[in-house]
Amino acid sequence: MSNDNGKTNGKLVIISGPSGSGKTTICRELAKDPRVRVSVSVTTRPPRSQEVNGQDYYFVSEREFEKKIKEASFVEHARYLGTLYGTLRKPLEEAIEQGLIYLLEIDIQGALQVIEGYPDAISIFILPPEENVLKKRLTGRNTDKELDITKRLEIAKGELQSSSRYKYHVVNDKLEETLDEICRILELKN
Ligand code: 5GP
């Protein structure tokens with residue numbers, strides 16, 4: 001991405017994939033590089049047991065979320081499983097201005113809005129090796145209710161079908177290899 005001064009800015013990167021595809025782990029590993037920053041989304045979902053406000057998400061009420069929509073604070077927002085999620089505009093623009101790689105771990109609906117608004121964004125869709133693995137990873141997480149798991153699997157199937165809008169598709173079989181591949185895409189090799 002470049003700005004009006006011709007100065008090279010950072011990179012905006014969208015990472016999506018079915019729930020349980022391992023995308024959160026991938027983002028966490030990539031964020032160990034000081035050139036990378038992960039966006040902290042705003043959500044109306046209640047925190048899971050290990051989640052920290054301001055670190056994993058900003059947890060807000062529907063009312064606060066609606067207020068942020070009105071104030072145009074989001075570059076995108078979407079409803080997923082009845083819950084609202086949104087990406088804040090200000091930290092995104094600051095990170096890009098600073099030349100950082102800014103990762104958005106967001107769903108397909110949000111990704112399509114970002115691709116529209118930022119055509120230079122690098123979009124990466126993470127695929128699980130196979131559906132059984134997906135189910136095992138989701139069940140192993142032990143934080144989502146059985147009904148939620150079924151719903152997440154249904155959404156995952158739909159997401160797999162509409163993933164063609166992404167520039168890159170990476171199968172997350174072995175984490176190290178997946179990270180290598182993404183680092184190549186992001187030109188993050190030392
Ligand atoms: P979870 O509730 O499991 O943390 O996330 C559910 C889904 O919401 C995941 O697919 C995740 O990538 C997506 N998500 C998280 N933050 C955002 C966001 O800011 N915008 C959108 N559109 N999706 C998000």
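Our subject is the structure that appears above.
Given the structure is predicted, the values throughout are model-derived calculations rather than measurements.

Caption draft 1: Representation of the sheet that holds strand β6 (residues 83-88) in the model. Overall, mixed pairing links the 4 strands, which are arranged β4-β3-β6-β5 in an open sheet. Two strands bound the open sheet, and with one partner strand each, they are β4 (57-59) and β5 (74-80). For this sheet the average axis-to-axis angle between neighbouring strands, irrespective of direction, equals 25°. Bridge analysis of β5 against β6 gives 6 bridges, and the strand direction is antiparallel.

Caption draft 2: Up close: the packing of aromatic side chains. Counted by the stated rule, this structure contains 5 aromatic pairs. Seen from their ring centres, tyrosine 57 and tyrosine 85 are 5.9 Å apart, and the 55° between their planes marks the pair as tilted. Taken together, the positions of tyrosine 57 in strand β4 and tyrosine 85 in strand β6 put the pair 28 residues apart, joining distant regions of the chain. Considered together, tyrosine 57 and tyrosine 85 belong to a single accessibility category, that of buried residues.

Caption draft 3: Summary view of the site of the ligand. Taken together, 16 residues surround the ligand, and among them Ser41, Arg45, Tyr57, Glu76 and Tyr85 come closest. Within the side chain of serine 41, one N or O atom sits 2.7 Å away from an oxygen atom of the ligand. Between the ligand and threonine 87, the relevant distance is 3.4 Å, taken from an oxygen atom to a side-chain nitrogen or oxygen of the residue. Within the complex, the protein chains bury 95% of what would otherwise be the 510 Å² of accessible surface of the ligand. Of the residues assigned to the shell around the ligand, the class counts are 5 nonpolar, 4 polar and 7 charged.

Caption draft 4: Structural detail: a negative patch on the surface. Together, Glu130, Asp173, Glu176 and Glu177 make up a negatively charged patch on the protein surface. Here aspartate 173 is to be found in the loop between β9 (168-171) and α7 (175-185).

Caption draft 5: Up close: the sheet that holds strand β2 (residues 36-38). Read across the open sheet, the 5 strands follow the order β2-β7-β1-β8-β9; overall the sheet is parallel. Where the open sheet ends on each side, the last strands, each with one partner, are β2 and β9. On average, each strand axis in the sheet is tilted by 25° relative to the strand beside it, whichever way the strands run. With 3 bridges joining them, β2 and strand β7 (residues 101-105) adopt parallel strand pairing. Opposite valine 36, over in β7, you have isoleucine 101 as the bridge partner. Contacting β8 (122-127) and β9, α7 runs over the sheet at an angle of about 160° to β9.

Caption draft 6: Representation of the packing of helix α1 (residues 23-30) against α7. Close contact between α1 and α7 brings their axes to 11 Å; oriented N to C, the two are set at 60°. Judged by the angle between their axes, α1 and α7 are oblique. Here α1 and α7 pass one another in a crossing that is right-handed. Counted together, Thr25, Ile26, Glu29 and Leu30 of α1 and Leu175, Thr178, Leu179, Ile182 and Cys183 of α7 form the full contact between these two elements. Residue composition of the contact of α1 with α7, by class: 6 nonpolar, 2 polar and 1 charged.

Here is what the cut-offs are and how they apply
Residues numbered from 1 in each chain as written. Predicted model: local features only at pLDDT ≥ 70, side-chain atom pairs only at ≥ 80, totals over all residues. Heavy atoms only, no water. Pairing = 2+ DSSP bridges. Helix = DSSP H or I, 4+ residues; strand = E, 2+ residues; numbered from the N terminus. Axes fitted to C-alpha atoms, helices over the stretch in contact; angles between N-to-C directions. Phe/Tyr/Trp six-rings, centres within 6.5 Å; stacked < 30°, edge-to-face > 60°. Buried < 20%, exposed > 50% of the residue type's maximum accessible area, 1.4 Å probe, protein only. Near = heavy atom within 4 Å. Polar contact = N/O pair within 3.5 Å; in protein donor to acceptor, adjacent residues only side chain to side chain. Areas by Shrake-Rupley, 256 points an atom, 1.4 Å probe, with all protein chains shown as cover. Nonpolar A, V, L, I, M, F, W, Y, C, P; charged D, E, K, R; others polar. Patch = residues over 30% accessible without salt bridge, like charges linked within 9 Å, V, L, I, M, F, W, Y side chains within 5 Å. Salt bridge = Lys/Arg side-chain N within 4 Å of Asp/Glu carboxyl O. Lys, Arg positive; Asp, Glu negative; His and termini not counted. Charge placed at Lys NZ, Arg CZ, Asp CG, Glu CD. Contact = heavy atoms within 4.5 Å. Parallel < 35°, antiparallel > 145°, perpendicular 65-115°, else oblique. Left-handed = near helix turned anticlockwise from the far one by under 90°.

Purely geometric numbers; function is a separate question.
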